[in-house]
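Spelled out from the first residue to the last, the chains are:
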Amino acid sequence: MYCVRQPSKAFFALKMSPPGRSMPILGRKNARILAHLLRLAEILAPKPPSAHLVFKKMKVIIIGNGIAGTTAARTLRKLCDCKITIISAESRHFFSRTALMYVYMGHMKWENIKPYEDWFWVKNRIGLVHDRVESIDFEQKKVHLTGSKSMDYDHLVLALGSKPNKYGWPGQDLPGVQGLYHKQDLESMEVATRQGIRRAVIVGGGLIGVEMAEMLISRRIPVTFLVRENEFWANI
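Residues numbered from 1 in each chain as written. Predicted model: local features only at pLDDT ≥ 70, side-chain atom pairs only at ≥ 80, totals over all residues. Heavy atoms only, no water.

Engineer: Explain the sheet that holds strand S3 (residues 59-63) to me, please; I cannot follow it from the model alone.
Structural biologist: What links the strands of a sheet is backbone hydrogen bonding, and the strands pair in either a parallel or an antiparallel sense. Spatially, four strands are ordered S5-S4-S3-S9 in an open sheet, and the strand pairing comes out parallel. The open sheet terminates on both sides in strands that have one partner only, identified here as strand S5 (126-130) and strand S9 (155-158). Averaged over neighbouring strand pairs, the angle between their axes works out to 20 degrees when direction is ignored. Pairing geometry for S3 and strand S4 (residues 83-88), over five bridges, is parallel. Across the sheet, valine 60 pairs through a bridge with isoleucine 84, a residue of S4. Packing against the sheet, helix H3 (residues 67-79) makes contact with S3, S4 and S5, and its axis sits at approximately 175 degrees to S4. (Pairing = 2+ DSSP bridges. Helix = DSSP H or I, 4+ residues; strand = E, 2+ residues; numbered from the N terminus. Axes fitted to C-alpha atoms, helices over the stretch in contact; angles between N-to-C directions. Contact = heavy atoms within 4.5 Å.)

Engineer: Explanation requested: the pattern of salt bridges in the structure shown.
Structural biologist: A side chain with one charge can pair with a side chain of the opposite charge if their charged atoms come near. For the structure shown, the criterion picks out eight salt bridges. Ionic pairing is found between aspartate 81 and arginine 125, a salt bridge with its closest N-O pair at 2.4 Å. In this pair, aspartate 81 sits in the loop between H3 and S4 while arginine 125 sits in the loop between helix H5 (119-123) and S5, placing the two residues 44 residues apart along the sequence. Looking at aspartate 81, the relative accessible area reads 24%, which means it is partly exposed. A salt bridge links glutamate 229 to arginine 228; the nearest nitrogen and oxygen atoms lie 3.8 Å apart. (Salt bridge = Lys/Arg side-chain N within 4 Å of Asp/Glu carboxyl O. Buried < 20%, exposed > 50% of the residue type's maximum accessible area, 1.4 Å probe, protein only.)

Engineer: Sorry, what's going on with the packing of aromatic side chains here?
Structural biologist: Ring pairs (aromatic) are described by centroid distance and by the angle formed between their planes. Taken as a whole and assessed by the stated rule, the structure comprises six aromatic pairs. Measuring from centroid to centroid gives 5.7 Å for tyrosine 116 and tryptophan 121, while their planes differ by 85 degrees, and the two rings are edge-to-face. The class for tyrosine 116 is partly exposed, based on a relative accessible area of 22%. On the basis of relative accessibility, which here comes to 3%, the residue tryptophan 121 falls in the buried class. Taken together, Phe94, Tyr116, Phe120 and Trp121 form an aromatic cluster joined through their ring pairs. Positioned above the aromatic ring of tryptophan 110, the side-chain terminus of lysine 183 is 5.1 Å from the ring centre. Directly above the ring of tyrosine 104 sits arginine 219, whose terminal nitrogen or CZ lies 3.7 Å from the centroid. (Phe/Tyr/Trp six-rings, centres within 6.5 Å; stacked < 30°, edge-to-face > 60°. Lys NZ or Arg CZ within 6 Å of the ring centre and 35° of its normal.)

Just distances and angles here, no functional claims.
What follows is the structure, given as structure tokens:
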């Protein structure tokens, strides 16, 4: 039985669970990706030599180059010789999201938080497209990118990640109100906290909230935590 383990947001693994062993809890974010990978695993399982050319011509597009999308690409490369392309509007290369805070705090540079060297993608024949997906034609199996460019696919994996919850609060879309999920969030935070900040307010006491508090305090910006539970990081 295949299962996904994700004890932290920086880890994602696909493995075979031995008979008699309990199956780890499946993270909701990865459920759809797992289902798609299992279907692809069935299709791309070892076949007679006559089928090799068919799989070599198969096109797989993965939208999203986070840990889930990157692991999907690496797993598929081990299974077959198909054409794999990762599309991301966020950045060209996969990076560690948990290290964004260290870039902000000056402990690391952007190039230091990329787990793989740039040559890794060429060596493993994984194509990278830095562009935004405008629409998907599921019937024609086409992905339409910015500038009217389109790409055909045989199989499509959506590894789109997550975004902060918004509840219709007044001012929630004003400049300086943001989450910390993407490279662009880090860039926005750099601009918003560059000067003239008297106090920052963080809504939510999870891991990202704790990280943001440490980041802001490193620049001597006072922080107020708004936490629903009795303490921050209460689910740990």
